[in-house]
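Listed here are the chains, written in short residue letters.
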Amino acid sequence: MAQKRALVSVSDKTGLVEFVKGLQAAGWQIIATGGTQKLLEESGVKTIGISEVTGFPEICDGRVKTLHPKVHGALLARRDEPSHMAALAENGIELIDLVCVNLYPFRQTIAKEGTTMAEAIEKIDIGGPSMLRSAAKNWNDVTVVCDPSDYNRVLSEIQAEGNTKKETRLELSAKAYTHTAEYDMCIATYMRKAAGLNEKLFLEYDLKQGLRYGENPHQDAKFYASQETVPFSLASAKQLHGKELSYNNIQDANAALNIVREFGDTPFCVGLKHMNPCGAAIGKDGVEAWKKAYEADTVSIFGGIVATNCEVNKEMAELMKPIFLEIIMAPSFSAEALEVLTTKKNLRLLEVDMSPLAAKQMQYVSVNGGLLAQHQDTETLLLKADMCVTEAKPTEEQMIDLQFAWRIVKHVKSNAIVVAKDGRTYGVGAGQMNRVGSAEIALKQAQASLAAEGRDIHTAHLVMASDGFFPFGDSVESAAQYGISAIVQPGGSVRDSESIEAANQHRIPMLFTGMRHFKH
């Protein structure tokens, strides 16, 4: 029986020397290229240079070295097909039984700031993918290895049985095609962006975890993570304690993080249920922000999610502990806070990177037979006095309250209304089929909250924000009946004049931003 041969040509040389020494100890010949051969020879591994196999020198600065019949014929020939074996014998081609290849670091190269097109092009591997694809196609006879994490498995099978198992070769073949597909997709995305093409969309996500079920127990679900690491992402969050996240946990937690992102370094806390904030507040510190957010809706927070941009300290932890919460998210937890909160077995504690976003991120939503893509709604206008369209003008205090409400309402399901004062929500109306319905929900909730404190809504000087324009004047009329002192909305209705007239009649300052924040 002819001696088995392995062809080795890698960019990532992790664990390579030990792997190849193991193959050589098992009686295999080693063929190597360029820098791989140099490393192996320096490590005491005897190799055969690729040019010795092909009888042809490397040319074009190494761009052409393995693209040769003596390589691909040796990989693609079927061992059970006599005509294939005869062709190899006739042309003096010896079989290659294993290919160990990983590719030039194209992704890592383009990730570096300032990389030129010329530099990127030189990191497009040609021979590597070709060898992987040839070996993977002929997996019945050839072992293909592209991931150093597979070295031990491959080597142990060869040492035990003289070759890899058939099922292993099939699995490695699939892995190789995945590797080349991801590589080509990365290159295609880069080149298409440079060429200004957008009629195709390539996405790459890796399985992060299987989920017990989806929105409901009868639905299968999985959580996939992007290769790109970004702030305010659950995909890169560190879970410090508690059960695994569920599908609904992930949806809700993501919505909460998007709200936290609005407030930068200002101490802020939000409680969230079913992807809508039930209480949100700013404070002088995390403790005050949490107290105000909790007081905004002490009922709905039960079984909810909390997110804050402050470190959770012992005092915050002790205030949160008595409440049934699913998740608490923060940039960090003090050791004392962890001692308090980890006594609750199922409470999930997540440490999340809350660094400022460097650029807009894309958002993808699947629909039957398709995919919607848009930039995330990360823009929030700074409210200015000249946005006022009414006779009555807002005070400085009202402008601060309106700005807070405007930041929150964009994260509430449309139709959305938020009623707020002094850096906290008092009422949230979400997802109603008409805007006045959302306004009534938010206003009644605010009235009940104030009544519980022994206060009258008509003298509380609350402000109201709407994510979309008022189609009629009825929402303003409702606001006036509950004593709302100022309103912010996008404007843009053909009946804007009705809303302005109603606001003028009740001496309510109203701002038009010109930017809406629908959230479906």
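Our subject is the structure listed above.
Residues numbered from 1 in each chain as written. Predicted model: local features only at pLDDT ≥ 70, side-chain atom pairs only at ≥ 80, totals over all residues. Heavy atoms only, no water.

## Focus on helix α9 (residues 151-161)
Argument step 1. Taken together, the buried positions of α9 are occupied by Tyr 151, Val 154, Leu 155, Glu 157 and Ile 158. Buried residues of α9, viewed axially, fall in a sector of 160°; they line one side. Looking at α9, the residues exposed on the side facing more than 90 degrees away from the buried face are Asn 152, Gln 159, Ala 160 and Glu 161.
Argument step 2. Contacts made by the buried residues of α9 are with α1 (16-25), β4 (98-101), β5 (143-145) and α10 (166-195). (Buried < 20%, exposed > 50% of the residue type's maximum accessible area, 1.4 Å probe, protein only. Helix = DSSP H or I, 4+ residues; strand = E, 2+ residues; numbered from the N terminus. Arc of directions from axis to C-beta. Contact = heavy atoms within 4.5 Å.)

## So, the packing of α1 against helix α2 (residues 34-42)
Argument step 1. The geometry of α1 relative to α2 is characterised by a closest axis approach of 10 Å and an angle of 75° between their N-to-C directions. If you check the angle between α1 and α2, you find them roughly perpendicular. Residues Leu 16, Val 17 and Val 20 of α1 form the contact with α2, whose participating residues are Thr 36, Leu 39 and Leu 40.
Argument step 2. For the contact of α1 with α2, the per-class residue count stands at five nonpolar, one polar and no charged. (Axes fitted to C-alpha atoms, helices over the stretch in contact; angles between N-to-C directions. Parallel < 35°, antiparallel > 145°, perpendicular 65-115°, else oblique. Nonpolar A, V, L, I, M, F, W, Y, C, P; charged D, E, K, R; others polar.)

## Section: the packing of helix α8 (residues 127-137) against α10
Argument step 1. Remark: α8 packs on α10, axes separated minimally by 9 Å, with the N-to-C direction vectors making an angle of 150°. The pairing of α8 with α10 is recorded here as roughly antiparallel in orientation. Remark: the crossing between α8 and α10 carries left-handed chirality. Two secondary-structure elements touch here, α8 through Pro 129, Leu 132, Arg 133, Ala 136 and Lys 137 and α10 through Ser 173, Ala 176, Tyr 177, His 179, Thr 180 and Tyr 183. (Left-handed = near helix turned anticlockwise from the far one by under 90°.)

## A short note on a nonpolar patch on the surface
Argument step 1. On the surface, a cluster of nonpolar side chains totalling about 550 Å² of accessible area is made up of Leu 201, Leu 203, Tyr 205, Leu 207, Tyr 224 and Leu 371.
Argument step 2. Considering the arrangement of structural elements, one finds Tyr 205 in strand β6 (residues 205-211).
Argument step 3. Since its relative accessible area comes to 36%, Tyr 205 is described here as partly exposed. (Patch = residues over 30% accessible without salt bridge, like charges linked within 9 Å, V, L, I, M, F, W, Y side chains within 5 Å. Areas by Shrake-Rupley, 256 points an atom, 1.4 Å probe, with all protein chains shown as cover. Salt bridge = Lys/Arg side-chain N within 4 Å of Asp/Glu carboxyl O.)

## Re the state of the cysteines
Each disulfide consists of a covalent bond between the sulfur atoms of two cysteine residues.
Argument step 1. One pass over the full model with this rule turns up zero disulfides.
Argument step 2. Note on Cys 146: no disulfide assigned, nearest cysteine sulfur contributed by Cys 100 at a separation of 8.9 Å.
Argument step 3. Look at Cys 146 and you get buried, because its relative accessible area is 9%. (Disulfide = S-S within 2.5 Å.)

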